[in-house]
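Chain residues, written in single-letter form:
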Amino acid sequence: MKKAPIQLADRPEDPDLYWDLSALQNKKKAVGFFQYVSTGFCVYSPSVAKLYSNFEVVLSSMDRNGLIVLPNPYAFHDTFNRVCETSVKQTGISLFPGEAINREGLIVSIPVGKQRKNHHLELSTAVGFLDRLYKKRYGTPFLPVLVNGDLKEFRSQTPYLHLHRFDPKSLTEFSEFERNDICSTIRDRFSDIMISGAYVR
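So, here's what we can say about the structure. Since the structure is predicted, the reported quantities are computational estimates derived from the model, not experimental observations.

1. Side note on helix α2 (residues 123-138)
Here α2 is 16 residues long and its end C-alpha atoms lie 21 Å apart, about the 22 Å a rise of 1.5 Å per residue gives. Two residues or fewer after α2 comes G139, characterised by a positive phi angle close to 75 degrees.

Structure representation (structure tokens):
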């Protein structure tokens, strides 16, 4: 039986899946950046405690001031339920186009030291550094995820993403298999962006 096409609603029932862009000056650039890099991430919704790994990114059909993260309803196995909000943590780490600092590709900004001075590393270098850092601090690799509000803009109107991280140790009610499944999915998604890190606007 042929599947019915996915209908685009202006505002999804889950409010965390509508990303308001009204505060951004260069919406077109922000949308292009997000559509490119979002293939490398899972998106978390605290309202429904779900982590989505299979979705499309589309513009709001009415106001054009927002993005909608549209999960694939036929890929229920790509949505993780009962993911508590305490398992998704802020990092202070951001991802942005290298053109903002006259470099190519994607750049990761990492606050380091007591003064939290930002160090800018190319994506491929940053991944290894963050994995070592987080394994040492928390006993888990760096597992980046996105949450509504993470898409921001520098004063230069260059878009960037704040990166949250998934902490598998916080899911105490999950089995080791379930936690590993989520970790593997996040890493698999993130490997896509590492391979195609030569971002060009």
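2. Thoughts on the pairing of strand β12 (residues 159-166)
For β12, the tally of buried residues reaches 8 of 8 residues, placing the bulk of the element in the interior. Across the two faces of β12 the burial is the same, with P159, L161, L163 and R165 and Y160, H162, H164 and F166 all buried. Sheet topology note: the strand β7 (residues 88-97)/β12 ladder contains 6 bridges and is antiparallel. Note that in β12 the partner of K89 across the bridge is R165. Two elements, strand β10 (residues 144-147) and β12, share 2 bridges in a ladder whose sense is antiparallel. Bridge pairing links P144 to R165 in β12. Inspection of the sheet shows strand β11 (residues 151-153) paired to β12 by 3 bridges, in the antiparallel sense. Across the sheet, K152 pairs through a bridge with Y160, a residue of β12. Taking the residues between adjacent antiparallel strands as the criterion, β11 and β12 are bridged by 5 residues, where Q157 takes a positive phi near 65 degrees.

The rules behind these values
- Residues numbered from 1 in each chain as written.
- Predicted model: local features only at pLDDT ≥ 70, side-chain atom pairs only at ≥ 80, totals over all residues.
- Heavy atoms only, no water.
- Helix = DSSP H or I, 4+ residues; strand = E, 2+ residues; numbered from the N terminus.
- Expected span 1.5 Å × (residues − 1).
- Buried < 20%, exposed > 50% of the residue type's maximum accessible area, 1.4 Å probe, protein only.
- Pairing = 2+ DSSP bridges.

Note that every value here comes from positions in space, so none of it alone points to a role or purpose.
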